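Chains, contacts and geometry: an overview
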Amino acid sequence: MISLLLFVIGCYVLAAAAVHLYYRMCRHHQVEKHYVLLAEEPKDEMEWIIRSMQSFSRWMGIQVHVTIVPSYPSYELSYMAERWSSVCFPIHIEQQAEAEAPPHAIVVDLAKEQDLCKLPF
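Residues numbered from 1 in each chain as written. Predicted model: local features only at pLDDT ≥ 70, side-chain atom pairs only at ≥ 80, totals over all residues. Heavy atoms only, no water.

**Considerations on the pairing of strand β2 (residues 64-70)**
Most of β2 sits inside the fold, with 6 of its 7 residues counted as buried. Bridge count for strand β1 (residues 33-39) against β2 is 7 bridges, and the pairing is parallel. Pairing of K33 across the sheet is with V64, part of β2. Two strands pair when backbone bridges link them, and β2 and strand β3 (residues 91-93) are joined in this way by 3 bridges, in the parallel orientation. Considered in β3, the bridge of T67 is made with H92. (Buried < 20%, exposed > 50% of the residue type's maximum accessible area, 1.4 Å probe, protein only. Helix = DSSP H or I, 4+ residues; strand = E, 2+ residues; numbered from the N terminus. Pairing = 2+ DSSP bridges.)

**Side note on the confidence of the model for the chain**
Chain-level statistics for the chain give a pLDDT mean of 80 and a share of 87% at 70 or above. The secondary-structure element of the chain with the lowest mean pLDDT is helix α3 (residues 75-87), recorded at 78, while helix α1 (residues 2-26) shows the highest, at 91. (pLDDT = per-residue confidence, 0-100.)

**A word on the nonpolar core**
As a rule of thumb, nonpolar side chains are buried together in soluble globular proteins. Counting 21 residues, the largest nonpolar core has L37, M46, M53, V66 and I91 as its most contacted members. Counting residues per element, the ones that place at least two in this core are β1, α2 (42-60), β2 and α3. No other element matches the 5 residues that α2 contributes to this core. With sequence-adjacent residues up to four places away left out, V66 is seen in contact with H34, Y35, L37, I50, M53, F89, P90, I91 and H92. (Core = buried A, V, L, I, M, F, W, Y, C linked by side-chain atoms within 4.5 Å. Contact = heavy atoms within 4.5 Å.)

**Notes on the sheet that holds β2**
Strand order in the open sheet made by the 4 strands is β3-β2-β1-β4, with parallel pairing throughout. Because the sheet does not close on itself, it has two edges, and the strands there are β3 and β4 (105-109). Adjacent strand axes in the sheet meet at a mean angle of 20°, parallel and antiparallel pairs treated alike. α3 contacts β2 and β3 of the sheet and is inclined by roughly 160° relative to β3. (Axes fitted to C-alpha atoms, helices over the stretch in contact; angles between N-to-C directions.)

**Examining α1**
Compared with the 36 Å implied by 1.5 Å per residue over 25 residues, the 36 Å span of α1 between its first and last C-alpha is a close match. For α1, the buried fraction is low: 0 of the 25 residues fall into the buried class. (Expected span 1.5 Å × (residues − 1).)

Given below as structure tokens:
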């Protein structure tokens, strides 16, 4: 009876190890998402958005990069981006929107409600 129980537990352990090994081997094939956030008043909802993106990134296992383009310079925003970059994923602040965004970038204007559906949460 005990040998059967140990056999079943061993099968579960081997299955879990196989899933983790497969995940590690296929991790380099994962897609990275790059979000460009256009913000008029970034300090109001930006922390909520960054926290939600962090949980999305962890839950789905997808690397996320964020570029924030504020309409005016904000020291609070740069401090927040610096703090969150060290904790979760790279966050960059650009003072002007680049002429050409990367082809895989998802541009989200936070002032427009229809653009909010582009966010992953």
